[in-house]
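Here is what each chain is made of, one letter per residue.
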Amino acid sequence: MSSLGFEQFPDYQVPGVKHPDFSPYESNGGSIVAIAGDDFVVIAADTRLSSGYNIHSRNQSKLFKLSPKTVLGSTGCWADTLSLTGLMKVRMQSYEHTHLRTMTTDAVAQMLSITMYNRRFFPYYVSNILAGIDKDGKGVVYSYDPIGHCERATYRAGGSAGTLLQPVLDNQIGHKNINLPAGELPPLTKERAVAVASDTFISAAERDIYTGDSVLINVITKDGIEEKVLQLRQD
Amino acid sequence: MLNNYNGMAQPLWQNGPAPGEFYNFTGGQTVQKLPRELTTAGPYGTKRSTAAITTGSSVLGIRYDGGVMLAADTLVSYGSLARYQNIDRVFKINKNILLGGSGDFADIQSIMRNIDQKMIEDQCYDDNIEMKPKSLASWMTRVLYNRRSRMNPLYIDVVVGGVEQNGTPYLANVDLRGRAYEDFVVATGFARHLAVPLVRENKPKDKEFTAEEASQLIRKCMEVLYYRDTRNSSTYTVGVCTPNGCGVEGPYQVNENWTFAATIKGY
């Protein structure tokens, strides 16, 4: 670096690196909720694609089926989402041809983290939640930050209304701040997971302008993926 | 290892500091690593103008039961000057693809030269296989996304329409960042505000538009755009794509009527 004489300039003031008139990023909104049960996992995402006050599309799926047991929900900068999911599909196909088996959900989760961290210094501006059935047949949820930090969880909300939805899940699924003995808490069935996920989206659509139109819900079990649609308010 | 199988695999670590070095926010790139686009890289990086100079306004696309229609007016502006008044911004790409371009017209012409060359190569194979609209839209996302990632974007917003091999209509929009989506109505520029709501309002539930409805809507929307978008002209061209082939028709004239103007008072 010294041969180029960089050190004589203080950080951030070198000419030629500031481009105030073009931002490579854009927020296109959208929310995701995923809830894992003992032998199933539910992942839901709304179908609104927007930027600012524009609604580009009212029926854009944000759920990407990566394998028969793994679904990725991705929101944020839609251009980055398209790139990232495209790259994930390519790498999973390459793995399948090399190892002659489908990637497990846990392997996909690790690969997604690495793929995102590869762009540490020019990140994919996306909020990812990965849902699937792990190799023991249990439902799992992985959530990510934009640079690839990965955490395994049982339930998670993300995207533009993630901060609105997460406390609801903490209460209804995590049973936080509920004064009931353990025996009286409702068991987490598939039906209850779908119901709670649906309700959180109905509430989020009331307050978040980037969430609405409809929700796509995927229920993943060892037998396959069941798809449901729920209409939301369109304003 | 994945990397041994193809040359397309990306290196594990990009734009970061070398091992053991501190990260320098301004010095992350070396001269050799700077983008290889037309400009010469300087020792402190490159500053580019990202402003659009000559611009095309809206493009509107509507998908209907038997194909797609794309419309754009024939004006290319230079700032507020109506500079070029008879330029076709809807292009026939091949037998089953139409493309409508808005934004910086120089960038549109540049990408069109690329596409035309691709189509010539496609024809040279002489194998009766033609590019499909979905493939072109996907290719556009990769070109535009890579340009934005190098901070040297093509300032364009395009609508890709056409008919897939099995006869299903296809309509999509790709913007300067590589953001892409499909829908029954897509638009760029002012048409996104003025035309899209008009078209959505007229959409029958669980049913596609008919050709008649689509052309009526195009006519209505181009009229609204002419009245309310200051960077529009009264002439426009319409591209129509059906399983039997595609073509660009026009220029048509907006059916303008200013008799109401005399009744507007109070300004």
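This text goes with the structure placed above it.
Residues numbered from 1 in each chain as written. Chains lettered and ligands numbered in written order. Predicted model: local features only at pLDDT ≥ 70, side-chain atom pairs only at ≥ 80, totals over all residues. Heavy atoms only, no water.

## Re the sheet that holds strand E2 (residues 40–46) of chain A
All names here are of chain A. Where we set the bar: Should DSSP find at least two bridges between two strands, the strands are regarded as paired. Where helices and strands are cited, they refer to DSSP runs of H or I of at least four residues and of E of at least two residues respectively, numbered from the N terminus. In this analysis, axes come from line fits to C-alpha atoms, helices being fitted only over the stretch in contact, and the angle between any two N-to-C directions falls in the range 0 to 180 degrees.
The strand order E10-E1-E2-E11-E12 describes an open sheet built from 5 strands, whose pairing is antiparallel. Looking along the sheet, the strands with just one partner apiece sit at the ends: strand E10 (155–159) and strand E12 (224–231). The sheet shows a mean angle of 15° between the axes of neighbouring strands, direction not considered. The pairing of strand E1 (residues 31–36) with E10 spans 5 bridges and is antiparallel. Residue pairing for E10: isoleucine 32 is matched across the bridge by glycine 158.

## Some words on the packing of aromatic side chains
How we decide: Two rings from Phe, Tyr or Trp (for Trp, the six-membered ring) form a pair when their centres are within 6.5 Å of each other. A pair whose planes differ by under 30 degrees is stacked, one over 60 is edge-to-face, and the rest are tilted. When a residue's accessible area, from a 1.4 Å probe over protein chains only, is under 20% of the maximum for its type it is buried; when over 50% it is exposed; and in between it is partly exposed. Lysine NZ or arginine CZ positioned within 6 Å of the ring centre and within 35 degrees of the ring normal marks a charge as sitting over the ring.
Tallied over the full model, the rule gives 11 aromatic pairs over all chains. Taking the centre distance of 6.0 Å and the plane angle of 80° together, the rings of tyrosine 227 of chain B and phenylalanine 260 of chain B count as edge-to-face. Of the two residues, tyrosine 227 of chain B sits in helix H4 (residues 211–228) while phenylalanine 260 of chain B sits in the segment after strand E13 (245–253), which places them 33 residues apart along the sequence. Judged by relative accessible area, which is 38%, phenylalanine 260 of chain B ranks as partly exposed. Lying over the aromatic face of phenylalanine 122 of chain A, arginine 119 of chain A brings its terminal NZ or CZ to 5.0 Å of the ring centre. The cationic tip of lysine 203 of chain B hangs over the ring face of phenylalanine 184 of chain B; the distance from NZ or CZ to the ring centre is 4.9 Å.

## Digging into the pattern of salt bridges
Pairing between side chains of opposite charge can happen when their charged atoms approach one another. In plain terms, the rule: Every case where a carboxyl oxygen of Asp or Glu lies within 4 Å of a side-chain nitrogen of Lys or Arg is listed as a salt bridge.
In the structure shown here, the tally under the stated rule is 19 salt bridges over all chains. Across the salt bridge formed by arginine 119 of chain A and aspartate 80 of chain A, the nearest N and O atoms sit 4.0 Å from each other. Of this pair, arginine 119 of chain A sits in the loop between helix H2 (105–117) and strand E7 (126–133) while aspartate 80 of chain A sits in helix H1 (residues 78–99), placing them 39 residues apart in sequence. The pair arginine 119 of chain A / aspartate 80 of chain A is uniform in exposure class, with both members buried. As a salt-bridge pair, aspartate 175 of chain B and arginine 179 of chain B come within 3.3 Å of each other at their nearest N and O atoms. Each member of the pair, aspartate 175 of chain B as well as arginine 179 of chain B, is classed as buried. Linked by salt bridges that have partners in common, Glu26 of chain A together with Asp175, Arg177 and Arg179 of chain B make up one network.

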